[in-house]
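# A structural walkthrough
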Amino acid sequence: MYKRPLGRTGLHITPLVFGGNVFGWTIDEKTSFDVLDAFVDHGFDAIDTADAYSRWAPGNQGGESETIIGRWLKARPGMRDKVNIFTKVGSDMGVPGHKGLSEKWILQAVEDSLARLGTDRIDLYFSHWPDDTPYAETLGAYDKLLRAGKIRSIGASNLDARQLGDALAAAGQGHLPAYQVLQPCYNLYDRNGFEGALQELCIQRGIGVVTYYSLASGFLSGKYRSRDDLGQSKRGAGIAKYLDARGLRVLDALHAVAGRHGAAPAETALAWLLVRPGVTAPIASATSRAQVESFARALALRLTVDDVAVLDKASTASSDAQA
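On a predicted model such as this, the values are computed, not experimentally measured, just so you know. (Residues numbered from 1 in each chain as written. Predicted model: local features only at pLDDT ≥ 70, side-chain atom pairs only at ≥ 80, totals over all residues. Heavy atoms only, no water.)

## Quick notes on the nonpolar core
Counting residues in hydrophobic clusters, the biggest one holds 86 residues, and the most contacted among them are Ile47, Trp72, Tyr125, Tyr142, Leu164, Tyr179 and Leu220. At seven residues, helix α8 (residues 265-274) tops the list of elements feeding residues into this core. Excluding its chain neighbours within four sequence positions, the residues that come into contact with Tyr179 are Ser127, Thr138, Leu139, Tyr142, Ile154, Gly155, Ala156, Leu159, Leu164, Ala167, Leu168 and Ile207. By size, the runner-up hydrophobic cluster in this structure holds 13 residues, among which are Val17, Phe86, Val181 and Tyr212. (Core = buried A, V, L, I, M, F, W, Y, C linked by side-chain atoms within 4.5 Å. Buried < 20%, exposed > 50% of the residue type's maximum accessible area, 1.4 Å probe, protein only. Helix = DSSP H or I, 4+ residues; strand = E, 2+ residues; numbered from the N terminus. Contact = heavy atoms within 4.5 Å.)

Structure, rendered in structure tokens:
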């Protein structure tokens, strides 16, 4: 497995990050342990989660994903030094005051996350969602945590180009740490939120990019071609929006390119992300060892210029007008 530098964090990661939103939601603790073991066995070394995962599942209150990761680390002595742990703060935890990016909440939330993870440091700590807290206050809280060694680097998720630019400016003006990594929603179907000004800013400033919804909630696996297919997964409700003319055109292109390489559509979609300008690594979830093995094949897949052109043409919004 090869590694890439993650922006200017000083971290070097195998360029596919495990998405921990499935822990305590679509897979139980035992299966989570098995999948994480397979992930590390295949040479991967970065796991992404959040304090709020998986609060949306019936009976959950948030923190389930971090807790499962923490128990997995505890059960495997020495594992903590082999993996990079990313987590996030800012989502609503269902308790008054337990959300957002205020200094007070960040300083409490990080202790809660560290306790659930059973570790003394977080390798990459993300602001999950933008809010009304002044950037200087949020970055000032991170400065305290960086100095204390409780976090090693910082990033932001779901910022647009203006917001990221403002955050970087606030860091410079206040002599505060700047965001070093961005986590945007980006995949072969969802392109407009990242491509353009935001992508250019990340490249210009050397900001690492790890993409979420890299497989469009599983749509780019090719398993879903009609509404009748949505019952195959607990995530089916989030896939329905992709079942339009462009979505089906993307699937056709994925199958065509995948067929040339003897690969799966999901592997091809991840390989496409790996060659996008500015992208460090996609985040992807797995619920079985077989899916982890597929991640390894995605990293080994080398798309040609023609392959990328076929996928780009099918997935650009402008092609709707030509269809």
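## Examining the sheet that holds strand β4 (residues 46-48)
Taken together, the eight strands give a closed barrel; going around it, the order is β3-β4-β5-β6-β7-β8-β9-β10, and neighbouring strands pair in parallel fashion. Each strand of the sheet is rotated relative to its neighbour by a mean of 25°, with strand direction disregarded. Across three bridges, β4 lies against strand β5 (residues 84-89) in parallel orientation. Residue pairing in the sheet places Ile47 in a bridge with Ile85 of β5. Along the sheet face, helix α4 (residues 135-148) touches β5, β6 (124-127) and β7 (154-157) and points at about 165° away from the line of β6. (Pairing = 2+ DSSP bridges. Axes fitted to C-alpha atoms, helices over the stretch in contact; angles between N-to-C directions.)

## Focus on the packing of helix α7 (residues 245-261) against helix α10 (residues 305-315)
Contact geometry of α7 with α10 gives a least axis separation of 8 Å together with a crossing angle of 170°. On the basis of their axis angle, the class for α7 and α10 is roughly antiparallel. Here Arg246, Arg249, Val250, Ala253, Leu254, Val257, Arg260 and His261 of α7 lie close against α10, whose contacting residues are Asp306, Asp307, Val310, Leu311, Ala314 and Ser315. A per-class count over the contact of α7 with α10 returns seven nonpolar, two polar and five charged. (Parallel < 35°, antiparallel > 145°, perpendicular 65-115°, else oblique. Nonpolar A, V, L, I, M, F, W, Y, C, P; charged D, E, K, R; others polar.)

## Quick word on α8
Among the 10 residues that make up α8, 10 are buried, leaving the element largely enclosed by the rest of the structure. The complete set of buried residues in α8 reads Pro265, Ala266, Glu267, Thr268, Ala269, Leu270, Ala271, Trp272, Leu273 and Leu274. Structurally, α8 contributes buried residues whose contacts are with β1 (4-5), β9 (208-211), α7, β10 (281-284), α9 (289-300) and α10.

## What to know about the pattern of salt bridges
Scanning all chains against the criterion turns up 20 salt bridges. Between Lys144 and Glu103 there is a salt bridge, and its shortest N-O distance comes to 2.7 Å. You can see Lys144 sitting in helix α4 and its partner Glu103 sitting in helix α3 (residues 103-117), a full 41 residues away along the chain. Overall, the relative accessible area of 24% leaves Glu103 in the partly exposed class. (Salt bridge = Lys/Arg side-chain N within 4 Å of Asp/Glu carboxyl O.)

## Examining the state of the cysteines
Summed over the entire model, instances satisfying the criterion amount to zero disulfides. Here Cys185 is not disulfide-linked; the sulfur of Cys202 is the nearest cysteine sulfur, at 14 Å. The exposure class of Cys202 is buried, given its relative accessible area of 1%. (Disulfide = S-S within 2.5 Å.)

## Some words on the side chain of Glu64
Assignment of secondary structure puts Glu64 in helix α2 (residues 64-75). No salt bridge is formed by the buried Glu64; its nearest oppositely charged neighbour, Arg116, is found at 7.8 Å. Within polar-contact distance, the side chain of Glu64 engages the backbone nitrogen of Gln61 at 2.8 Å. Discounting chain neighbours no more than four positions away, the residues touching Glu64 are Phe23, Tyr53, Ser54 and Arg55. (Lys, Arg positive; Asp, Glu negative; His and termini not counted. Polar contact = N/O pair within 3.5 Å; in protein donor to acceptor, adjacent residues only side chain to side chain.)

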